Amino acid sequence: AQSVTQLGSHVSVSEGALVLLRCNYSSSVPPYLFWYVQYPNQGLQLLLKYTSAATLVKGINGFEAEFKKSETSFHLTKPSAHMSDAAEYFCAVSPPGQNFVFGPGTRLSVLP
Amino acid sequence: DVKVTQSSRYLVKRTGEKVFLECVQDMDHENMFWYRQDPGLGLRLIYFSYDVKMKEKGDIPEGYSVSREKKERFSLILESASTNQTSMYLCASRGTSGPTDTQYFGPGTRLTVL
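Residues numbered from 1 in each chain as written. Chains lettered and ligands numbered in written order. Predicted model: local features only at pLDDT ≥ 70, side-chain atom pairs only at ≥ 80, totals over all residues. Heavy atoms only, no water.

**What about the overall build of chain B?**
Of the regular secondary structure elements, chain B holds 0 helices and 11 strands. Secondary structure of chain B in N-to-C order comes out as β-β-β-β-β-β-β-β-β-β-β. Here the C-alpha atoms of chain B give a radius of gyration of 13 Å, agreeing with the 13 Å that 2.2 N^0.38 yields for 114 residues. For chain B, the residues scored as buried account for 49% of the 114 residues in total. Total accessible area computed for chain B in this model is approximately 5500 Å², and 49% of it derives from carbon and sulfur atoms. Computed over 16 positive and 15 negative side-chain charges, the separation of the two mean positions in chain B equals 6 Å. (Helix = DSSP H or I, 4+ residues; strand = E, 2+ residues; numbered from the N terminus. Rg over C-alpha atoms; globule rule 2.2 N^0.38 Å. Buried < 20%, exposed > 50% of the residue type's maximum accessible area, 1.4 Å probe, protein only. Areas by Shrake-Rupley, 256 points an atom, 1.4 Å probe, with all protein chains shown as cover. Lys, Arg positive; Asp, Glu negative; His and termini not counted. Charge placed at Lys NZ, Arg CZ, Asp CG, Glu CD.)

Encoded structure:
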């Protein structure tokens, strides 16, 4: 079965610092990978997705993620954190013919 | 702009009540989903539907049922609400072009059962 792990249920960074949220997947076939963001008391919003066109994917709000097949990873980064980035972030894999498999989520706090 | 709407943002019900959560999407998507989200447990799939009048159990269907009479509408039903069903409920929809299709979420319904 497919699975997604996100290292760190809670990550804190200072405003202006690099944001790095980790995502690793298990997949025996080429995966399609997604990052979603959830602001408090809201639904999930798509940040970006990997569809095999390019290994470095740029998303909204200055986020990007790099697909590394050798490491089975799809880590999310942002060069400079902003207070408005405080939210919960979910990584997901979309196996062909199956429903999404979501990771457990990482809560990002941004300190002033 | 794509849109998934849920009938209520916040709902308070009493134990034993029958509860209906409604979800409507305007993207002509075949697939619709109901999740519940609890702290530390992430998103858990309750039911999904891949066509009108079709439904499939997800990972935690016990205590829930669903209805899909029209393509755009997917309802989650709690036949007899219990306190352990207090949670955030998220509806989502997705097309059928393939595995690269994005899943779109509604704003969520925070249900409290007293």
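**Remarks on the interface of chain A and chain B**
On the chain B side, the residues contacting the 21 residues of chain A number 21 residues. Approximately 1500 Å² of surface area, both sides summed, lies buried where chain A meets chain B, with 55% of it carried by carbon and sulfur atoms. Between the two partners, chain A and chain B, sit 0 salt bridges. Our count for the chain A to chain B interface comes out at 8 residue pairs in polar contact (both at pLDDT 80 or more). Mapped by element, the contributors of at least two residues to the side of chain A that touches chain B are β5 (33–38), β6 (44–50) and β10 (87–93) of chain A. For the side of chain A that touches chain B, the class distribution of residues is 11 nonpolar, 8 polar and 2 charged. (Contact = heavy atoms within 4.5 Å. Buried area = accessible area lost by both parts, 1.4 Å probe. Salt bridge = Lys/Arg side-chain N within 4 Å of Asp/Glu carboxyl O. Polar contact = N/O pair within 3.5 Å; in protein donor to acceptor, adjacent residues only side chain to side chain. Nonpolar A, V, L, I, M, F, W, Y, C, P; charged D, E, K, R; others polar.)

**Focus on the nonpolar core**
In this structure, A:Trp35, A:Phe74, A:Leu76 and A:Tyr89 are the most contacted members of the largest nonpolar core, which totals 27 residues. Of all the secondary structure elements, the ones that give two or more residues to this core are β2 (10–14), β3 (19–21), β5, β6, β8 (64–68), β9 (73–78), β10 and β12 (106–111) of chain A. The element that contributes the greatest number of residues to this core is β10(A), accounting for 4 residues. With 21 residues, the next largest nonpolar core counts B:Cys23, B:Met27, B:Tyr47 and B:Ala81 among its residues. (Core = buried A, V, L, I, M, F, W, Y, C linked by side-chain atoms within 4.5 Å.)

**Points about unusual backbone geometry**
Even without a glycine there, the phi angle at A:Asn61 is positive, about 60 degrees. With respect to the helices and strands, the residue A:Asn61 is situated in the loop between β7 (56–58) and β8. In this structure A:Asn61 comes out as partly exposed when scored by relative accessible area, which is 41%. One non-glycine residue, B:Lys53, adopts positive backbone phi at about 65 degrees. Along the chain, B:Lys53 turns up in the loop between β5 (42–49) and β6 (56–57). We classify B:Lys53 as exposed; its relative accessible area is 57%.

**Let's talk about the packing of aromatic side chains**
All names here are of chain A. The full count for this structure, using the stated rule, is 16 aromatic pairs over all chains. With a centroid separation of 4.6 Å and 45 degrees between ring planes, the pair formed by Phe-34 and Phe-100 is classed as tilted. Highlighted residues: Phe-34 in strand β5 and Phe-100 in the loop between β10 and β11 (101–102), separated in sequence by 66 residues. For Phe-34, a relative accessible area of 0% puts it in the buried group. A relative accessible area of 7% means that Phe-100 is categorised as buried. With centroids separated by 6.0 Å and ring planes inclined at 55 degrees, the aromatic side chains of Tyr-36 and Phe-102 adopt a geometry described as tilted. Here the residue Tyr-36 occupies a position in strand β5, and Phe-102 occupies one in strand β11, the gap between them amounting to 66 residues. With respect to burial, Tyr-36 and Phe-102 carry one shared label: buried. (Phe/Tyr/Trp six-rings, centres within 6.5 Å; stacked < 30°, edge-to-face > 60°.)

**Some details on the state of the cysteines**
One pass over the structure, following the stated rule, counts 2 disulfides over all chains. One disulfide bridge connects A:Cys23 with A:Cys91, the sulfur atoms lying 2.0 Å from each other. Residues A:Cys23 and A:Cys91 are joined by a disulfide whose S-S torsion is about -60 degrees; by sign, that bridge is left-handed. Taken together, the positions of A:Cys23 in the loop between β3 and β4 (24–26) and A:Cys91 in strand β10 put the pair 68 residues apart, joining distant regions of the chain. Note that B:Cys23 is cross-linked by a disulfide to B:Cys91, the S-S spacing being 1.9 Å. (Disulfide = S-S within 2.5 Å.)

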